[in-house]
Amino acid sequence: MDLERYWSRVRILANPWVLYRITRGMFRALVLRKNTLRVMYLMATFACQARCTMCSVAKFRRSGTDSLTPADYESIADQGARMGAIAVTILGGEPLLMDELEEVVRVFASRHYFVSVVTNGFGLDERRARSLKEAGLGSVHFGLESLSEEENDALRGPGQCRAVKEAIVVCRDAGLRVGICTVFTPGATERAVELADYCKEHGLMINLPTRAAVGAAEGAEHATADDYEELLRVLKEHPRAAVDWGFSYFLRPRCPAGKEKIAITCYGDVLGCSLNHISFGNVRDEPLETIWKRVGKFSAFSRQTDRCLAAFDDEHVRRYLDPIAQFDESPVHYTDHPAIAPEDEPDLFQS
């Protein structure tokens, strides 16, 4: 393990509140065989300047619906901490477009979360980087698909590659931990390898979420077993590369959706993860723990799997994700989903 990564983990574990939550989560997993919320993804805005061809939230933006307020995020942070969450990742859309982003970061950092932001890099100058650092931000991950400006910007929008390269320098100077977030796309392994090599050379982390056939990628070809093996090869050869299903409190690869992870939209809808576009309730209407327990009763999430459901489980994709294409907006409430019915999910509908 490289020194940057080692000391980052030491700093996190040195916090007694975080250490307690981790110990509790592992005890519940390894002794009680129960799930514990570990990480929350906050889709804090759907405004964005980029034009990503693989954007998973292309159908999430609504008109006439108020976004969550800092007070709402305070409630979410308090409830999540009581449930055991140790980390929060803020994404969008583009979170840098939020005027109150520093306030939201401060809310979670003050409650002992490790806070990350995923951004396209546009507009992240020295002033903003230092402001986020002072608010308590721990790391920044930049969306990037290629080191070639022509290839990357064809996928994410004009000028995005250059913006990321400039913002990486700015964030490192501000003392932020920096990484790349690259969508692992079936048939384009060479791009992921190129970026993983770049991250190794420059001391950056890299996350490799797999493209799912949702949002702007609806109708895209599903990932195959061969794609899964290719991704495993990349992870094995590049220690700085990571996937969110690569770690769990059960100490084995495990899809975290609805088990150790949830996603919350800026309108308050709670999903099993940001790629499973099924809502199980709204934090403005019910306590987060009530919704979390409901999510856990969904048979698809209660089933154990060693890989991302939304990308690599063909049965899950065809049964639960493909039908969402018929809806104009996402997420779809579970009671409206054509494949989720009381006779198939009695526990879910009794909650």
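Before reading on, note that the structure itself is shown above.
Residues numbered from 1 in each chain as written. Predicted model: local features only at pLDDT ≥ 70, side-chain atom pairs only at ≥ 80, totals over all residues. Heavy atoms only, no water.

Caption draft 1: Inspection of the sheet that holds strand β8 (residues 261-265) at higher detail. Taking strand neighbours across the sheet as the criterion, the 11 strands line up as β7-β6-β5-β4-β3-β2-β1-β8-β9-β10-β11 in an open arrangement whose pairing is mixed. Strands at the two margins of the open sheet, each flanked by one partner only, are β7 (241-242) and β11 (332-333). Lying over the sheet, helix α7 (residues 160-173) contacts β4 (139-143) and β5 (177-181), oriented at roughly 165 degrees with respect to β4. Sheet contacts for helix α8 (residues 189-202): β5 and β6 (205-207); angle to β6, the most-contacted strand, approximately 155 degrees. (Pairing = 2+ DSSP bridges. Helix = DSSP H or I, 4+ residues; strand = E, 2+ residues; numbered from the N terminus. Contact = heavy atoms within 4.5 Å. Axes fitted to C-alpha atoms, helices over the stretch in contact; angles between N-to-C directions.)

Caption draft 2: How the structure looks around the packing of aromatic side chains. Tallying each qualifying case throughout the model produces 14 aromatic pairs. Ring centres of Tyr73 and Phe108 lie 6.5 Å apart, and the angle between their planes is 65 degrees; on these two criteria the pair is classed as edge-to-face. Of this pair, Tyr73 sits in helix α3 (residues 70-83) while Phe108 sits in helix α4 (residues 101-109), placing them 35 residues apart in sequence. Where Tyr334 meets Phe349, the ring centres are 5.4 Å apart and the plane angle is 65 degrees; that geometry is what we call edge-to-face. Of this pair, Tyr334 sits in the loop between β11 and α14 (346-350) while Phe349 is found in helix α14, placing the two residues 15 residues apart along the sequence. On the basis of relative accessibility, which here comes to 7%, the residue Tyr334 falls in the buried class. Exposure remark for Phe349: the relative accessible area of 27% places this residue in the partly exposed category. Of the aromatic side chains, those joined through ring pairs into one cluster are Phe280, Phe298, Phe301, Tyr320, Tyr334 and Phe349. Cation over ring: Arg38 sits above Tyr249, and NZ or CZ is 5.9 Å from the ring centre. When the ring centre of Tyr41 is taken as origin, the NZ or CZ atom of Lys261, which lies over that ring, is 4.0 Å away. (Phe/Tyr/Trp six-rings, centres within 6.5 Å; stacked < 30°, edge-to-face > 60°. Buried < 20%, exposed > 50% of the residue type's maximum accessible area, 1.4 Å probe, protein only. Lys NZ or Arg CZ within 6 Å of the ring centre and 35° of its normal.)

Caption draft 3: Seen up close, α7. Between its first and last C-alpha atoms α7 spans 20 Å; for 14 residues at 1.5 Å apiece the expected length is 20 Å, and the two agree. Along α7, the residues classified as buried are Gln160, Cys161, Ala163, Val164, Ala167, Ile168 and Cys171. The buried residues of α7 occupy an angular sector of 145 degrees when projected down its axis, which confines them to one face. Away from its buried face by more than 90 degrees, α7 exposes Glu166 and Asp173. Where the residues of α7 are buried, they touch α5 (126-135), β4, α6 (149-156), β5 and α8. Gly175 sits one or two positions beyond α7 and adopts a positive phi of about 90 degrees. (Expected span 1.5 Å × (residues − 1). Arc of directions from axis to C-beta.)

Caption draft 4: Up close: the packing of α6 against α7. Close contact between α6 and α7 brings their axes to 7 Å; oriented N to C, the two are set at 105 degrees. Classified by the angle between their axes, α6 and α7 sit roughly perpendicular to one another. Between α6 and α7, the residues in contact are Glu149, Asn152, Asp153 and Arg156 and Gln160, Cys161 and Arg162, respectively. Here the contact of α6 with α7 is composed, by residue class, of 1 nonpolar, 2 polar and 4 charged. (Parallel < 35°, antiparallel > 145°, perpendicular 65-115°, else oblique. Nonpolar A, V, L, I, M, F, W, Y, C, P; charged D, E, K, R; others polar.)

Caption draft 5: Focus on the environment of Gln79. Assignment of secondary structure puts Gln79 in helix α3. According to the relative accessible area criterion, Gln79 is buried, its value standing at 13%. In this structure, Gln79 is in contact with Pro287, Leu288 and Glu289, ignoring residues within four places of it in sequence.

Caption draft 6: The arrangement of the packing of α3 against α4 in detail. Closest axis-to-axis distance for the α3/α4 pair is 9 Å, and the angle between their directions is 20 degrees. It follows that α3 is roughly parallel to α4 by the angle criterion. Seen from above, α3 lies across α4 with right-handed handedness. Residues Pro70, Tyr73, Glu74, Ile76 and Ala77 of α3 form the contact with α4, whose own contacting residues are Glu103, Val104, Val107 and Phe108. Of the residues assigned to the contact of α3 with α4, the class counts are 7 nonpolar, no polar and 2 charged. (Left-handed = near helix turned anticlockwise from the far one by under 90°.)

Honestly, that's just the spatial picture; any functional story needs more than this.
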